[in-house]
Amino acid sequence: QVQLVESGGGLVQAGDSLRLSCATSGGTFSDYAMGWFRQAPGKEREFVAVITWSGGSTAYANSVKGRFTISKDNAKKTVYLQMNTLKPEDTAVYYCALGPTTAMVVSGTADSWGQGTQVTVSS
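I will try to describe carefully the structure that is included in this document. For clarity, every value in this text was computed on a predicted model and none was experimentally measured. Within each chain, residue numbers correspond to sequence positions counted from 1 in written order. Only residues with pLDDT of at least 70 are given local features in this predicted model, and only at 80 or more are side-chain atom pairs given and counted; all residues enter the totals for whole chains, interfaces and linings. Hydrogen atoms and water are omitted, and side-chain values are computed over all heavy atoms in the structure.

1. Describing the nonpolar core
- For the purposes of this section, nonpolar cores are sets of buried Ala, Val, Leu, Ile, Met, Phe, Trp, Tyr and Cys residues that join through side-chain atoms within 4.5 Å. Think of it in three bands: residues with accessible area under 20% of the maximum for their type are buried, residues over 50% are exposed, and the middle band is partly exposed, with areas taken using a 1.4 Å probe on protein chains only. If you look at the biggest cluster of nonpolar residues, it comprises 33 residues, and the most contacted ones within it are Met34, Trp36, Val48, Phe68, Leu81, Met83 and Tyr94.
- The contact criterion used is simple: two residues touch if any of their non-hydrogen atoms lie within 4.5 Å. Sequence-distant contacts of Tyr94, that is, excluding residues within four places in its chain, are made with Glu6, Leu20, Trp36, Phe37, Arg38, Val48, Phe68, Leu81, Met83, Gly116, Thr117 and Val119.

Listed below in C-alpha cells is the structure:
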C-alpha cells in the first residue's frame with residue numbers, strides 16, 4: 001500500500017517562502033511521476049507541478065512558473081515543492097499525488113494521494 005505524507009505547510013506573509021515535502025513509502029516508483037496539486041476554499045483542485053522519478057523532467061502551472069520549484073531525493077523517496085515569493089492567492093491545501101505517467105498525474109487521475117498540508121499566505 002503506497003502512502004504519501006505531506007508536510008511543511010504553514011502561515012506566512014506575502015513574499016515569504018515555504019518548502020513542502022512529500023514522503024513516500026510502500027512501493028517502488030522508478031518509472032512513476034509525482035505531482036503537487038492545490039485546492040483553495042470554494043475552488044476546484046488544480047495542478048501545480050510534476051516531476052518524473054527517473055529522469056527528473058518537470059512541468060509547472062503558469063500561475064507558479066518561476067516562483068515554485070519541484071525536486072526529488074530518490075534516496076529519501078521524497079519530493080519537494082520550494083515555493084518562493086508567495087502570494088495570498090497561493091493559499092490552499094496542497095496535495096501530492098503519484099501516478100504511472102506525467103500525463104495521468106497532470107490530469108489529476110493519479111493512483112495515490114496524500115492527506116494535504118495547509119498553506120496560508122497573508123497580505
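Structure shown, so let's carry the discussion forward.
2. So, the state of the cysteines
- Two cysteine sulfur atoms form a disulfide, by the criterion used here, when they sit within 2.5 Å. One pass over the structure, following the stated rule, counts one disulfide.
- The disulfide partner of Cys22 is Cys96, and the S-S distance across this bridge is 2.1 Å. On the sign convention where negative is left-handed, the bridge of Cys22 and Cys96, at about 60° about the S-S bond, is right-handed. On the criterion of sequence distance, the pair formed by Cys22 in strand β3 (residues 18-25) and Cys96 in strand β9 (residues 92-99) is long-range, its members being 74 residues apart. Strands are runs of DSSP state E lasting at least two residues, helices are runs of H or I lasting at least four, and both sets are numbered from the N terminus onward.

3. With respect to the pattern of salt bridges
- By convention in these notes, a salt bridge is any Lys or Arg side-chain nitrogen within 4 Å of a carboxyl oxygen on Asp or Glu. Counted by the stated rule, this structure contains three salt bridges.
- Across the pair Arg38 and Asp90 runs a salt bridge whose closest N-O atoms are separated by 2.8 Å. Highlighted residues: Arg38 in strand β4 (residues 33-39) and Asp90 in the loop between β8 (78-83) and β9, separated in sequence by 52 residues.
- Owing to a relative accessible area of 5%, Arg38 belongs among the buried residues under this scheme.
- On the basis of relative accessibility, which here comes to 0%, the residue Asp90 falls in the buried class.
- Between Arg67 and Asp90 there is a salt bridge, with the nearest N and O atoms lying 2.7 Å from each other. One end of the pair, Arg67, is in the loop between β6 (58-60) and β7 (68-73); the other, Asp90, is in the loop between β8 and β9, and 23 residues separate them in sequence.

4. Here we look at the sheet that holds β8
- One open sheet holds the four strands; their spatial order is β1-β3-β8-β7, and the pairing between them is antiparallel. Of all the strands in the sheet, just β1 (3-7) and β7 have a single pairing partner and so form its edges. Geometrically, the sheet is characterised by an average inter-axis angle of 15° between neighbouring strands, direction not taken into account.
- Of the pairings in the sheet, the one linking β7 to β8 comprises six bridges and is antiparallel in character. Each bridged residue has a counterpart across the sheet, and for Thr69 the counterpart in β8 is Gln82. A strand pair is defined by DSSP finding two or more bridges across the two strands. Axis geometry follows a simple rule: fit a line to the C-alpha atoms, using only the stretch in contact for helices, then measure angles between N-to-C directions, giving values from 0 to 180 degrees.

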